[in-house]
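Geometric and topological summary
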Amino acid sequence: SWIKQQAPGDIRVAQLCVDMGRYLFNDFEYQWLADAFKDNVPLELDFRLEADNARRCSEMFQDDEQVHVPWVNEKYSSEEVIVMEYVEGPNIADVSGIEKLGVDLEEVASLLSECFAQMTFVHGFVHSDPHAGNIFVNKCANGKPQLILLDHGIYQELSEDTRYNWARLWKGLILQRRELIFDAAEKLGAPHPEVFVGMVTSRPYEEVLEKSTFDKSRFQGSGDHDDQEKIRAHIVKYHKEITTCLEQADRQLILLFKTQDFIRALDRRLGSPANNIYTTAQYCMQSIRHHENEKSGFTLARYKDEVKVSLKMMTLKVVMFVY
């Protein structure tokens, strides 16, 4: 209860810091940060909301034994306390612990990617705090890995339009269509499309649209020291444009960026064994198909695009197998 009493003061301090920064510096655009703090701190202080999120997430994956959400004990849970099923397992960053379970790291990484792609593109209800301590790994009876999702305090619900344009953006990135990328970015409220692409992919825009490289390297990079330094220099160079994008873009994307960064970090911790762009392509096209079927039904143009995406992903699979 002390934390709940303290929270309004913390929110006011965050807003005051942003106001002072804006007063002192003309290009200080961090209102998005104060707004995110104001919107999300109260969500973490009411365990009834966390229980509701846990139940909803469990229902989303009720037919998938590879994703488990510990059940909530309603009798002993309240606004101030939540009691859930006790589960064990190594956290998803504990590589040696996962290997001791006897499950394949590539299957774990693929399952992680697929789980969050479903949340984003299919359900539009995304767990927004997926750090290593909130995801455990277990083993199903059939030997396949199982993800155990914990801490359901913060979720981002995506509107139908946001989900659709996020999927269109990824379609444009995969097919390297500048006009589609720019149109989707505009509809998502991003004022600097090239910089926005860098924020979405953690790669420079020019690299993502480079025709001579295969898809995984376009979106992943080497991860070595030189690659990290290049990304840091890119962030410093476009710092003002990045903060403007965060200030003006659809606020539903703020937590989505955070979730993406967590998933990328966990994938790297597992050794980046999976082709996450393949999973993204699969689910973004599924989301577009669902949305456009409801609006206008089948179109030949969309069918051709689906074939092109499928061919790109098949080619990538062959290349990864050979090399």
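Everything below is about the structure shown above.
Here we summarise the structure given alongside this text. Here the structure is a predicted model, which is why all the values come from computation and not from measurement.

1. Focus on the pattern of salt bridges
- For the structure shown, the criterion picks out 20 salt bridges.
- Taking the shortest distance from any N to any O, the salt bridge between D46 and R48 comes out at 2.9 Å.
- For D46, a relative accessible area of 13% translates into the label buried.
- Here K230 and E207 are joined by a salt bridge, their closest N and O atoms 2.7 Å apart. Here K230, found in helix α11 (residues 225–237), pairs with E207, found in helix α9 (residues 205–208); they are 23 residues apart in sequence, far enough to count as distant.
- Given a relative accessible area of 38%, K230 falls into the partly exposed group.
- Three or more residues are tied together by salt bridges with common partners; here these are K4, D46, R48 and E79.

2. Comments concerning unusual backbone geometry
- The phi angle at Q176 is positive, at roughly 55°, despite the residue not being glycine.
- You can see Q176 is positioned in the loop between α6 (160–175) and α7 (178–187).
- Non-glycine residue S202 carries a positive phi angle of around 60°.
- Mapped onto the secondary structure, S202 falls in the loop between α8 (193–201) and α9.
- Among the residues examined, S202 registers a relative accessible area of 27% and is labelled partly exposed.

3. Here's the deal with the nonpolar core
- Within the largest apolar cluster, 78 residues are counted, with the highest numbers of intra-cluster contacts made by I92, M119, W166, L169, W170, L173 and F196.
- Sort the elements by how many residues they give to this core and helix α5 (residues 105–123) lands first, with ten residues.
- For W166, the contacting residues outside a window of four places in its chain are T120, F121, L188, F196, V200, L253, L256, F257 and Q260.

4. A look at the packing of helix α1 (residues 2–24) against helix α2 (residues 31–40)
- Their axes nearest at 9 Å, the elements α1 and α2 cross at an angle of 175°. Here α2 runs roughly antiparallel to α1, going by the angle between their axes. Where α1 approaches α2, its residues D10, I11, A14, Q15, V18, D19 and R22 are matched on the opposing element by Q31, A34, D35, F37 and K38.
- Each residue belonging to the contact of α1 with α2 can be placed in one class, and the counts come to five nonpolar, two polar and five charged.

5. Focus: the packing of aromatic side chains
- Summed over the entire model, instances satisfying the criterion amount to six aromatic pairs.
- Where F28 meets Y30, the ring centres are 4.8 Å apart and the plane angle is 45°; that geometry is what we call tilted.
- For F28, a relative accessible area of 24% gives the class partly exposed.
- Between F196 and F257, the aromatic rings sit 6.0 Å apart at their centres with planes inclined by 75°, giving edge-to-face as the arrangement. A residue pair is termed long-range when its members are at least 10 positions apart, and F196 in helix α8 and F257 in helix α13 (residues 252–269) qualify at 61 residues.

6. Things to note about the side chain of D35
- Relative to the elements of secondary structure, D35 occurs in helix α2.
- A relative accessible area of 16% places D35 in the buried class.
- A polar contact of 2.7 Å, which involves the side chain of D35, links it to the side chain of Q31.
- Those residues within four positions of D35 in sequence are excluded, and the remaining contacts are Q15 and R251.

7. Considering the pairing of strand β3 (residues 135–139)
- Relative to strand β4 (residues 145–149), β3 runs antiparallel, the two being bridged by five bridges. Across the sheet, the residue bridging to I135 is L149, located in β4.
- Between the antiparallel neighbours β3 and β4 lie five residues, among them G143 with a positive phi of about 90°.

Reading guide: rules and limits
Residues numbered from 1 in each chain as written. Predicted model: local features only at pLDDT ≥ 70, side-chain atom pairs only at ≥ 80, totals over all residues. Heavy atoms only, no water. Salt bridge = Lys/Arg side-chain N within 4 Å of Asp/Glu carboxyl O. Buried < 20%, exposed > 50% of the residue type's maximum accessible area, 1.4 Å probe, protein only. Helix = DSSP H or I, 4+ residues; strand = E, 2+ residues; numbered from the N terminus. Core = buried A, V, L, I, M, F, W, Y, C linked by side-chain atoms within 4.5 Å. Contact = heavy atoms within 4.5 Å. Axes fitted to C-alpha atoms, helices over the stretch in contact; angles between N-to-C directions. Parallel < 35°, antiparallel > 145°, perpendicular 65-115°, else oblique. Nonpolar A, V, L, I, M, F, W, Y, C, P; charged D, E, K, R; others polar. Phe/Tyr/Trp six-rings, centres within 6.5 Å; stacked < 30°, edge-to-face > 60°. Polar contact = N/O pair within 3.5 Å; in protein donor to acceptor, adjacent residues only side chain to side chain. Pairing = 2+ DSSP bridges.

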